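Summary of structural features
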Amino acid sequence: MTRGRSKQPTATDQVVSAVLTASRALVAVSARSLADVEDRLTITQFRTLVVLESEVGANLNRLAERLEVTPSTALRSVDRLVNSDLVSRQENPDNRREVMLSLTPEGLRVVHDVTANRRREIARILRRMPDRERNELVSVFAAFAHAAEEPNIPAAAPSSLGW
């Protein structure tokens, strides 16, 4: 390798840098949106609530799979959320050995409130962008989410976009 010569960034390098920068901004929005509940809820616990909102009646194994963690890790998180009255457990009437998880009314309120905070802040940021560039984001982010194998959530389901 020749000293003094730096490698020119490729188009992919530039896209990766742009996505990382945007990701950093979105993580900051996410962290700020949790400010009202940060004394009792971590970002990981909030993600658990969001998954349970979209997976009504999920069992522990399904939750762990969606969170991409071990069942024991998911169980510890669920225990904390049950103790905080944000998640409830019910026996599955079709399989008594299985426990179904769901949000309590308070858990659902927290998801909706935090999601509303995120939506407001993201909308504020988007309004500062030129119309043409803002409109291009729809197809770009849709393609990115598809490549990441994220499920498509329609815009008509705003509370499901919490995480």
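Residues numbered from 1 in each chain as written. Predicted model: local features only at pLDDT ≥ 70, side-chain atom pairs only at ≥ 80, totals over all residues. Heavy atoms only, no water.

Digging into the overall build of the protein
- Per the secondary structure count, the protein includes six helices and two strands.
- Mapped in sequence order, the helices and strands of the protein form the string α-α-α-α-β-β-α-α.
- Looking at the protein residue by residue over its 163 residues, the buried ones come to 25%.
- Of the contacts formed within the protein by residues at least 6 apart in sequence, a portion of 54% connects residues at least 24 apart.
- Roughly 11,500 Å² of accessible area belongs to the protein as shown, and the carbon and sulfur atoms make up 55% of that amount. (Helix = DSSP H or I, 4+ residues; strand = E, 2+ residues; numbered from the N terminus. Buried < 20%, exposed > 50% of the residue type's maximum accessible area, 1.4 Å probe, protein only. Contact = heavy atoms within 4.5 Å. Areas by Shrake-Rupley, 256 points an atom, 1.4 Å probe, with all protein chains shown as cover.)

Observations concerning the nonpolar core
- Ranked by internal contacts, the top residues of the largest apolar core, which has 22 residues, are L41, F46, L49, L52, L63, V87 and V110.
- Of all the secondary structure elements, the ones that give two or more residues to this core are α2 (43-54), α3 (60-67), α4 (71-83), β2 (95-103) and α5 (105-127).
- Ranked by residues supplied to this core, first place goes to α2 with five residues.
- Excluding its chain neighbours within four sequence positions, the residues that come into contact with L63 are T48, V51, L52, A74, V78 and L101. (Core = buried A, V, L, I, M, F, W, Y, C linked by side-chain atoms within 4.5 Å.)

Let's talk about the pairing of strand β1 (residues 87-92)
- Two elements, β1 and β2, share six bridges in a ladder whose sense is antiparallel. The residue bridging E91 from the neighbouring strand is V99, located in β2.
- With antiparallel pairing between neighbouring strands as the criterion, β1 and β2 make up a hairpin whose turn holds two residues. (Pairing = 2+ DSSP bridges.)

Overview of the environment of I122
- Residue position: I122 is located in helix α5.
- Residue classification places I122 among the partly exposed residues on the basis of a relative accessible area of 31%.
- Taking the C-alpha atoms as reference points, I122 and L26, 96 residues apart in sequence, are found 8.2 Å from one another.
- With residues near it in sequence (within four places) discarded, I122 still touches L26 and V29.

Structural notes on α3
- Residues L63, A64 and L67 constitute the buried set of α3. One face of α3 carries all of its buried residues, which in axial projection span an arc of 100°. Opposite the buried face of α3, at more than 90 degrees from it, the exposed residues are N61 and E65.
- Packed against the buried residues of α3 are α2, α4 and β2.
- Here α3 starts with a cap whose side-chain oxygen sits 3.1 Å from the backbone nitrogen of N61, and that cap is N59.
- The first or second residue beyond α3 is E68, which carries a positive phi of 60°. (Arc of directions from axis to C-beta. Polar contact = N/O pair within 3.5 Å; in protein donor to acceptor, adjacent residues only side chain to side chain.)

What to know about the packing of α2 against α3
- Direction vectors running N to C along α2 and α3 enclose 120°, while the axes themselves pass 10 Å from each other. As far as their axial angle goes, α3 and α2 are oblique. Regarding α2 and α3, the two cross each other, and that crossing is right-handed. Along the contact surface, α2 presents R47, T48, V51, L52 and S54, while α3 presents L63, R66 and L67.
- When grouped by side-chain class, the residues that make up the contact of α2 with α3 number four nonpolar, two polar and two charged. (Axes fitted to C-alpha atoms, helices over the stretch in contact; angles between N-to-C directions. Parallel < 35°, antiparallel > 145°, perpendicular 65-115°, else oblique. Left-handed = near helix turned anticlockwise from the far one by under 90°. Nonpolar A, V, L, I, M, F, W, Y, C, P; charged D, E, K, R; others polar.)

Read these as geometric descriptors, not functional statements.
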